[in-house]
Amino acid sequence: MIPLKLEEDIKFIEKSALILTRVLSVVRNKAVAGISMLELDSIAEQMIIKEAALPAFKGYRGYPATICASLNEEIVHGIPDERVAKDGDILSIDIGVNYSGYFADAAITVAIGKITPKAKKLIDITKQALAKGVQKASPGNHLGDISYTIQNFVEQHGFSVVREFVGHGIGKNLHEEPEIPNFGRSGTGPVLKAGMVLAIEPMVNVGIWQSKLKANGWTAVTADGELSAHFEHTVLITEKGPRILTNG
């Protein structure tokens, strides 16, 4: 069952999303050649705590860090370490915030210095795919309309959508019903209603959609070693349509 949020719930989720938006903006600006993944993680954690909130990921199912920092062929759940961002890299940054027991989740992929045209196209298409998926998050539409729209747009541009990892409901828990695949058929799945809050997050690969897991047990990488990008917003469905909570 997909939970519907009350007005009081939405106020707290909005506050969590506002904190997250500010943190993600600072981390994005700090993501330049020469900075380590651990430094970015520390910046995010300190900011979240100063906002009287908690990092949503740290300790979740044993995850050891505040952010996910996924470089190049890493799809999701890249654990921050001593690796340093280099010119030509692309970096996906995923952050979750817990404010007073209410959660928000968002991700971006950024270019480090000058990147290849292929990498730039990947980032642009993934970002656009998220926007197109969000547009379908309106009352009366089906969940599958979001999934189909993302997949269709991505594949039209010659890329593939990751299938092993999906978006999700969010609110009083970091992960709630429903799961939101980035592939599927329109007109299928649950009917969307006002009051639902969804974390929509296309993960897009240059090559094949299959992934594999690194030895750390967390980080997913593309099976063919090609680049991957990731964008995510926390979205409230209202009677008038979708409202992105993590865009400031």
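Residues numbered from 1 in each chain as written. Predicted model: local features only at pLDDT ≥ 70, side-chain atom pairs only at ≥ 80, totals over all residues. Heavy atoms only, no water.

1. Focus: the nonpolar core
Part 1 of the reasoning: By size, the foremost hydrophobic cluster in this structure holds 73 residues, and its most contacted members are Leu-40, Leu-91, Ile-93, Ile-95, Leu-122, Ile-146 and Ile-200.
Part 2 of the reasoning: Leave out the neighbours within four places in its chain, and Leu-91 touches Ala-31, Met-37, Leu-40, Ala-69, Ser-70, Leu-71, Ile-108, Thr-109, Val-110 and Ile-112.
Part 3 of the reasoning: In terms of nonpolar packing, the next biggest core, distinct from the first, is built from five residues, Val-76, Val-162, Met-203 and Ala-220 among them. (Core = buried A, V, L, I, M, F, W, Y, C linked by side-chain atoms within 4.5 Å. Buried < 20%, exposed > 50% of the residue type's maximum accessible area, 1.4 Å probe, protein only. Contact = heavy atoms within 4.5 Å.)

2. A look at the packing of helix α1 (residues 7–30) against helix α2 (residues 37–50)
Part 1 of the reasoning: Two numbers describe how α1 lies on α2: the axes approach to 10 Å, and their chain directions differ by 155°. The angle between the axes of α1 and α2 places the two elements in the roughly antiparallel class. The two elements α1 and α2 cross, and the hand of that crossing is right-handed. Contacts between α1 and α2 involve Arg-22, Val-23, Val-26, Val-27 and Lys-30 from the first element and Leu-40, Ile-43, Ala-44, Met-47 and Ile-48 from the second. (Axes fitted to C-alpha atoms, helices over the stretch in contact; angles between N-to-C directions. Helix = DSSP H or I, 4+ residues; strand = E, 2+ residues; numbered from the N terminus. Parallel < 35°, antiparallel > 145°, perpendicular 65-115°, else oblique. Left-handed = near helix turned anticlockwise from the far one by under 90°.)

3. Considering α2
Residues lying three or four places apart along an α-helix face the same way, a consequence of the helix completing one turn every 3.6 residues.
Part 1 of the reasoning: In this model, α2 (14 residues) spans 20 Å end to end at C-alpha, consistent with the 20 Å of a helix rising 1.5 Å per residue.
Part 2 of the reasoning: When we look at burial in α2, the residues that qualify are Met-37, Leu-40, Asp-41, Ala-44, Glu-45 and Ile-48. Here the buried residues of α2 occupy an arc of 130° about the axis, which is enough to place them on one side.
Part 3 of the reasoning: Next to the buried residues of α2 lie α1, β1 (54–55), β2 (67–71) and β4 (90–99). (Expected span 1.5 Å × (residues − 1). Arc of directions from axis to C-beta.)

4. So, the sheet that holds strand β9 (residues 197–200)
Part 1 of the reasoning: Taken together, five strands build an open sheet; the order of strands is β8-β7-β9-β14-β15 and the sheet is antiparallel. Only two strands of the sheet have a single partner each, and these edge strands are β8 (176–180) and β15 (241–244). Neighbour-to-neighbour, the strand axes of this sheet turn through a mean angle of 25°, independent of strand direction.
Part 2 of the reasoning: Inspection of the sheet shows strand β14 (residues 233–238) paired to β15 by four bridges, in the antiparallel sense. (Pairing = 2+ DSSP bridges.)

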